[in-house]
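Observations on chain architecture
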Amino acid sequence: MNKTLGLLAEFENPATLMNAAEKFREAGYKTFDCHSPFPIHGMDEAMGLKRSPIGYIVGAMAVTGAALGIGIQYYASVVAYPHIISGKPFFSWQAYVIITFALFILLGAFAAVIGMLKINGLPRFYHPVFYSDNFKKFSDDGFFVSVESDDPAFDIDKTKAFMDSVGGKNIEVLEGE
Amino acid sequence: MKYDAKTFRLTDSGKFATVALSIGAIGVAISIYGWTSHADQFFRSWLVAFGFWATISIGALFYTLIHHVTGSVKSTNMRRISEALGNGFPLLFILFLPVLFGLHSLYHWSHADVVAVDNILKWKAPYLNATFFTIRSIIYFTIWSVLGYLLYRYSTKHDEGGDPKWLNKSSKISAIGTLLFAITVTFASFDWFMSLSPHWYSTIYGVYVFGGSFLSFLTFITLFMQWMVSRGAMTNFITIDQFHDMGRWIFGFVVFWAYIGGAQYFLIWYGNLPEETIWYLTRWENGWKDVSIIMMFFHFVIPFGILAFYYSKRNTIIRTSLAALLFVMHYVDIYWLVMPSIGHGEHAAHFSPAWMDLTTFLGVSGLVLGVFFLRFTSAALAPLKDKNLTVYE
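Computed from a prediction, not measured in an experiment: that's the story for all the values here.

**Digging into the packing of helix α2 (residues 39-70) of chain B against helix α9 (residues 165-192) of chain B**
Residue and element names in this part refer to chain B. Relative to each other, α2 and α9 sit at 150°, their axes nearing to 8 Å. In terms of orientation, α2 and α9 fall into the roughly antiparallel class. The two elements α2 and α9 cross, and the hand of that crossing is left-handed. Contacts from Leu47, Phe50, Ala54, Ile58, Leu61, Phe62, Thr64, Leu65, His68 and Val69 of α2 reach α9 at Leu167, Ser170, Ser171, Ser174, Ala175, Gly177, Thr178, Phe181, Val185 and Trp192. A per-class count over the contact of α2 with α9 returns 13 nonpolar, seven polar and no charged.

Here is the structure:
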């Protein structure tokens, strides 16, 4: 049995798509998305997207990595195995810098990749818009707005009417399993 | 400040040039008065002041070269600043002459009696001798002067009609120029700064000086643009986005500088060979320890920690203060490279700032900035015919 997963509307050009994005944002939609063959300057503002928190995630993880790096080496060479190596003090921060730096980068890079995937909702193997044949145009000359049915403001009839009122064409109900 | 937004020109640039040149002349005059009584101190202070502006100009030259080699877009708005400052090498050559006159005062290897009893210096003598030193310096200045002049000339020619052939010429010369630049900057830093400690050597030294050069030039652009924008000039093509780019770039090169400085230090620390560690030992004694620690924190840790945040790069006060801090720290960096290396054993140089440090700084800065402002009496503040120039209505 097929469920209603969302609605899809096509727009004629980037300008009408941007205009529609502003209307959707003002109408209180949260999980709507705009699809275009190329990036449109100013679309983030029009859709009301905020700055990604990825920088802070990377920063926090990188600092954790650095602390871990210093900590491991401090424990190994001062607490667990205090050996004198080439006449240097047990706590020689100079010797720790490279591994500290490496872990700083490593955890930062992992945080960047995994955090980016998580924030984007990836990996995701399907999306309701792929049930539409007309949507194939998105990589060529189509400009679309999709609204998913889990949006709090989603109501199949009202949203359909709203899409029509902001200039949407070829409005489709996305149905799938 | 009078600015014509249609032609991108600073119409009262001559006034700033006059003021800067006057300050420079006064600074040089007082320094020469100091030379009559304290010649050694004069030459040291002069080498630091000269080195400071020479490295910033080298950074400016690199900015233009790398812009043309990579075909950059976003650096176009700031390009004329780098071209104007990078075309100042003939003046810097004149400012270099006191260093040649003070060779015996500054460079240990220039004394024949010292070399005669020093096997290492005897072995290095075919390279480290006054004649070859002078010839090499002339070669460096010739290469930089020609590159700086041609890049500036092609760019101002391009302003007249917008013929793309001038940009193509710039790209071609920059491709060869980057190679020549890398070699000359490495050897110039070896000659002028590293040979102050003639026994000591570090192959990464040239990269370290280059890192500081480019970083300080980026802070120079930021401060110059901020000064212009705060007085209503350049506002039609310099906005928060350009400042944000400069903030990112400064952030990147703060890390680069520290990375190279760290790479040099850690290898020497690990190896623990006396002839190598001595260079750091002289920077940890006689009052230099505080300067070294200040370098670590104010040239790296603090700017890095603050500039990591998006907000700091876009906030005018934070970004400008950090640019000013790093600009000053570049002077400290050159001071730190030069001063502790002069004098040996019981004649080791203590950390003792002299009044001539200030007057030579004012002298060289005034003259370099005076010539820099003179460029804008005939040239626009932006390459206005470049299609990559972003102009805001």
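Next comes the rest of the write-up.
**Considering the interface of chain B and chain A**
Interface size, as often reported, equals the accessible area lost upon joining of the parts. Facing the ten residues of chain B at the interface are eleven residues of chain A. Of the roughly 1,000 Å² buried between chain B and chain A, counting both surfaces, carbon and sulfur atoms make up 73%. Interface area lost by chain B to chain A is led by Phe266, Trp269 and Tyr310 of chain B, which between them contribute 51%. If you look at where chain B meets chain A, you find zero salt bridges. Linking chain B with chain A are three residue pairs in polar contact (both at pLDDT 80 or more), by the criterion used here. Mapped by element, the contributors of at least two residues to the side of chain B that touches chain A are α11 (240-271) and α13 (288-307) of chain B.

**Brief notes about the pattern of salt bridges**
Residues and elements named next belong to chain B. Summed over the entire model, instances satisfying the criterion amount to eight salt bridges over all chains. In this structure, Arg79 engages Glu83 in a salt bridge whose closest nitrogen and oxygen atoms are separated by 2.8 Å. Of this pair, Arg79 and Glu83 are both found in helix α3 (residues 79-86), four residues apart, which corresponds to roughly one turn of the helix. We classify Arg79 as buried; its relative accessible area is 0%. One salt bridge connects Asp159 with Arg80, and the closest N-O pair in it is separated by 2.8 Å. Residue Asp159 is found in helix α8 (residues 130-161), and its partner Arg80 is found in helix α3; the two are separated by 79 residues along the sequence. For Asp159, a relative accessible area of 11% corresponds to the buried category. Ionic contacts of the salt-bridge type, sharing partners, join the residues Arg79, Arg80, Glu83, Asp159 and Asp386 into one network.

**Digging into helix α12 (residues 274-281) of chain B**
Residues and elements named next belong to chain B. By the burial criterion, the buried members of α12 are Glu276, Trp279 and Tyr280. Take α12 and look down its axis: the buried residues cluster within an arc of 95°, on one side only. Buried residues along α12 sit against α10 (205-230), α11 and α15 (316-338).

Definitions and cut-offs
- Residues numbered from 1 in each chain as written.
- Chains lettered and ligands numbered in written order.
- Predicted model: local features only at pLDDT ≥ 70, side-chain atom pairs only at ≥ 80, totals over all residues.
- Heavy atoms only, no water.
- Axes fitted to C-alpha atoms, helices over the stretch in contact; angles between N-to-C directions.
- Helix = DSSP H or I, 4+ residues; strand = E, 2+ residues; numbered from the N terminus.
- Parallel < 35°, antiparallel > 145°, perpendicular 65-115°, else oblique.
- Left-handed = near helix turned anticlockwise from the far one by under 90°.
- Contact = heavy atoms within 4.5 Å.
- Nonpolar A, V, L, I, M, F, W, Y, C, P; charged D, E, K, R; others polar.
- Buried area = accessible area lost by both parts, 1.4 Å probe.
- Salt bridge = Lys/Arg side-chain N within 4 Å of Asp/Glu carboxyl O.
- Polar contact = N/O pair within 3.5 Å; in protein donor to acceptor, adjacent residues only side chain to side chain.
- Buried < 20%, exposed > 50% of the residue type's maximum accessible area, 1.4 Å probe, protein only.
- Arc of directions from axis to C-beta.

Everything listed here is a matter of coordinates, which is why it stays silent on function.
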